[in-house]
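Residue strings, one per chain:
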Amino acid sequence: MSGEYLLSDLEVWDEKICEIAKGYGLDWHPIAYETVNYHEMIGAMAYHGLPSHYAHWSYGKSFERTHFMYNAGAEGLPYELIINSNPSIAYLMLENPLYLQILIMAHCVGHSDFFKNNRTFRDTDPDNVTQRFRNAKKRIQGYIEDPSIGIEAVEKVIEACHAINYQVDRRGRTRPSEKELKAKYTRLVKDDKKGEWKHFSLEKVPLEPEYDVLRFVLENNPTLSDWQRDVISIIHEESLYFWPQIRTKVMNEGWASFWHYRILHDLELSDEHHIPFLKTHNAVLRPWGLKINPYHLGFEIFKDIEKRFGLEECFIAREACNDENFIAQYLTEEKARELNLFTYSPKGRKNPDWTIDDIVDSEESWIEIRSELVKSIAGNMIPVIYVDEMKKDKLILRHEHDGRDLELDYAENCVKLLGNIWHGEIKLFTELENESFEIS
Amino acid sequence: MSIFREHKTTADRSASDRARHKQKIEKAIKEGITDVVSEESIIGQDGKKKIKIPVRGLKEWQFVYGHNEGQKQVGSAPNTDIQEGQIVRKGQQQGQGSGNRAGNDKGDEFYEVEITLEELAEYLFSSLNLPELERKKLRTVLEEKPRRHGTRPQGIPPRLDKRESAIQRIKRLAAARRAGTVEVDEEGNEVFPFHDNDLRYHHIKARPKEATNAVIFFMMDVSGSMTQEIKFIARSFYFLLYQFIRHKYEKVEIVFIGHTTEAFETDEDSFFKRGSAGGTHVSSAPELAIQIANERFHPSAWNVYAFHCTDGDNWSEDDTKAFDMYRELSDISQMTGYCEIKPPGSTPAWQKDNSRLFRDLQGLHPSVRTSILNSKEDIWPTFKKFFGGEL
């Protein structure tokens, strides 16, 4: 611990924080705080806070980049890092002053409560997550060290999976079985009175668009060896574990900020702690201008819900919503105007100026801004790619185009990488500048 | 109540992933090297100059959106003074390419690695050897450098060999223990100070230092058939050669020889930029190189390297003489490299095959190396072929 406080001070503050939080009805997993130094902190960050994680050079790169950016003064370190597990593992950097540790601990209580109660997380199995990642790490390490496999081959599979790992079913829906699907479409074709299903082939694979590309590969590439399957399943599972966090970023940060603010207020800190706390709070919860700050937006919406409907409603929202319906349901035109939301876009193709298109000055402009806002949160900035059809070993992917074109260079490389785990030809259909475009 | 615990850190957990990442960067640097060298002047670099290397192949690919025209983003202004049509981002700030995508920008900048030419040479050349370096017996003694040569019991304090002295003391301690003569203090610790007899000093001897000077002859066909593209490849290749040889020798001189049917000594600038009309007598270049070597860089004192880039379009009546000249040149040089640069499209169909000279040179002498370069991607492989030891 840095000179001015002791571990026992943290325990004293933690007790007070927990008491206040319980009084409000927060219900969280027990939190295990790990005290770390700067290097351990960026080490933990590189692996998303997970105590064990499989090896890949991209995590080394992530470490180097954080280290570089931090030392170049371009970025501060995040104040808090907590993972969705039971107990929730959170990191406290030894270099932090005491007031910041207090803020972080209160913030973590908010996150842990959110992880435990928000229904988006219901299938993440937080009790076993650290064990699962530890086992996965061991198995992948085994493949790397296996002389008949080796690091190059393992990296090939990992890189293919990393290129496509967000293209799983992001909503975590339970998928009907093959049999159920077959029955459903057989019925539709059979009872077809209007001829709508005349051209539908019951032999089509898959019968419905498959949004889980990794799983489709797992189930339909017979040439994969056991270890390749295992690596793909590990990354697939990790992706499903992280998606709920992507889908609730605004709410989760908003909720944690909402609670750290209230708890620190109730703690009646002395000026020595209170003034730097307010400074930090204001720095974290400020609008970012050209980008949406999830802490700021979420915090402001929760405050507004409390003002309009009472604290009870905040608890209902934190349990039932994800960012998409949270904004649809609770962000009002008035609040959006107060937050000075606006849309802007590049005018022209080559190195253009970007100018403001809409500000909240009418219902139409508000609706427009809201629909663009929804596109930029909840993982909607990650393109949706799905398996449309498999013809023999040819894989046909489609991009669900919503007005935004794919970055071509990236898309081409992803398709190329996917070839590392697919045995046949791959085609991806998308739109580019309003014309259909094919990548293969 | 929460749990507080110190992080169980057994090791620097990301160390091996960082090492693997570094390996990948080094590989990418080697692959990207030709993009760098084309910008640089060959000589007059002191090695401390920093150059930027775009490191490719380390991107992590994901599906991301680009920025098509009219595609909107959402912002949240700190103040109310916003209005439609207001410019929020100037075009210039965007930089090249497609700009702001899913947090990749910063990572990209990071991967323009800045290193000095010296470091670059270290990266590139650590695994390569100069061939035939030991072949020559005739090396003039340029200077005498003092070198360490064993240890002695007498000497001056600055030359104390601490390690050897400590070993002597330990030997004596072991003997004393066996004899049971080691003193013990009140707390039971052994007291056993150094004795004068333990001390050992480095012995310094002046040893002749071999001449490690090198001269490189860069020869190039500057006739009309040499296109800019060919010269570009030649230039990149020569840049690498220069850096490499300079890396291995203390002093390196360069002679540029251009030729059409006749050869002439020139400077770097005109060597690469100026073209001449006329035909081609390849033989003229080695002939002039031999002459210059004998006059100014006598092979008894200098390590001679000679490299020749041409498009392979030699006039046939010169082939025999060219071969003879090469034989003579290879006798006085550590290495002779002959490259035919043939980018697709710039080579007439009747000339697709390697020239007769190329084929003849292949069997001439192990110190004569030949290579065909079709594009700049062939530069590094050729380089490795020339210097990578066993072929």
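Residues numbered from 1 in each chain as written. Chains lettered and ligands numbered in written order. Predicted model: local features only at pLDDT ≥ 70, side-chain atom pairs only at ≥ 80, totals over all residues.

This part is about the overall build of chain B. A tally of helices and strands in chain B yields 10 helices and 15 strands. Once local pairs closer than 6 in sequence are excluded, the contacts in chain B between residues at least 24 apart make up 82%. (Helix = DSSP H or I, 4+ residues; strand = E, 2+ residues; numbered from the N terminus. Contact = placed C-beta atoms within 7 Å.)

Attention shifts here to the overall build of chain A. Check the secondary structure of chain A and you find 17 helices and eight strands. Taken across its 440 residues, chain A has 40% of its residues classed as buried. A fraction of 73% describes how many contacts in chain A between residues 6 or more apart in sequence connect residues 24 or more apart. (Buried ≥ 20, exposed ≤ 12 C-beta atoms within 10 Å, placed from the backbone.)

This paragraph deals with the interface of chain B and chain A. The parts lose accessible area when they come together, and the size of an interface is often stated as this lost area. Listed by partner, the interface residues are 56 residues for chain B and 80 residues for chain A. Where the side of chain B that touches chain A is concerned, the elements lending two or more residues are β1 (3-6), α1 (15-37), β3 (73-76), β4 (87-89) and α2 (105-110) of chain B. It is α1(B) that provides the largest number of residues to the side of chain B that touches chain A, a total of six residues. For strand β1 (residues 31-36) of chain A and β1(B), the ladder comprises four bridges, and the chain directions are parallel. In the strand pairing of β1(B), A:T35 is matched with B:E6. (Pairing = 2+ DSSP bridges.)

We now examine helix α16 (residues 363-375) of chain A. Think of an α-helix as turning once every 3.6 residues; residues three or four places apart then point the same way. All names here are of chain A. In this model, α16 (13 residues) spans 19 Å end to end at C-alpha, consistent with the 18 Å of a helix rising 1.5 Å per residue. Where α16 is concerned, the buried positions are S365, W366, I369, E372 and L373. Projected down its long axis, α16 shows its buried positions confined to an angular sector of 130°, all on one face. Among the exposed residues of α16, those oriented more than 90 degrees off its buried face are E363, E364 and I367. (Expected span 1.5 Å × (residues − 1). Arc of directions from axis to C-beta.)

Further remarks concern the confidence of the model for chain B. Residues and elements named next belong to chain B. Chain-level pLDDT for chain B is 73 on average; 70% of the residues reach the 70-or-more range. When mean pLDDT is taken per element in chain B, helix α7 (residues 284-296) scores highest with 89 and α2 scores lowest with 39. Throughout residues 93-110 the model reports pLDDT below 50, and contacts reaching past four residues in sequence, or to other chains, amount to 17 contacts. Below a pLDDT of 50 lies the segment residues 132-143, which in the model reaches 15 contacts outside its immediate sequence neighbourhood of four places, other chains included. (pLDDT = per-residue confidence, 0-100.)

Ranked by size, the top nonpolar core spans 121 residues in total, and within it A:V231 and A:C414 carry the most contacts. Top element by residues in this core is helix α4 (residues 98-117) of chain A. It accounts for 10 residues. Taken domain by domain, this core gets at least three of its residues from each of domain 1 (7-118 + 248-284) and domain 2 (130-165 + 187-246 + 383-439) of chain A. Beyond its immediate stretch of four places on either side in the chain, A:V231 contacts A:I140, A:Y143, A:V154, A:V157, A:I158 and A:C161. Counting 55 residues, the second largest nonpolar core, distinct from the first, contains B:A214, B:V215, B:L329 and B:L373. (Core = buried A, V, L, I, M, F, W, Y, C linked by C-beta atoms within 7 Å. Domains from an automatic or database assignment.)

On to the sheet that holds strand β4 (residues 354-359) of chain A. Spatial strand order, β3(B)-β3(A)-β4(A)-β4(B): four strands in an open sheet with antiparallel pairing. Edge positions in the sheet fall to β3 and β4 of chain B, since each has one partner strand and no second. When the angles between neighbouring strand axes are averaged without regard to direction, this sheet yields 45°. Note that strand β3 (residues 341-346) of chain A and β4(A) share five bridges and pair antiparallel. Each bridged residue has a counterpart across the sheet, and for A:S345 the counterpart in β4(A) is A:T355. (Axes fitted to C-alpha atoms, helices over the stretch in contact; angles between N-to-C directions.)

All names here are of chain A. For the bond from N86 to P87, the omega torsion is 0°, close enough to zero to count as cis. A positive phi angle is found at N340, which is not glycine, with a value near 55°. Looking at the secondary structure, you find N340 in the loop between α15 (333-338) and β3. Under the C-beta neighbour-count criterion, N340 is labelled partly exposed, with 18 such atoms within 10 Å. A positive phi is found at E433, a non-glycine position, where the angle reads about 50°. When you line up the elements, E433 lands in the loop between β7 (426-432) and β8 (435-439).

All names here are of chain B. Strands sit in the order β12-β11-β10-β13-β14-β15 across an open sheet of six strands; the sheet is mixed. Of all strands in the sheet, those bounded by a partner on one side alone are β12 (263-266) and β15 (368-373). If you compare each strand with its neighbour and ignore which way they point, the axes differ by 20° on average.

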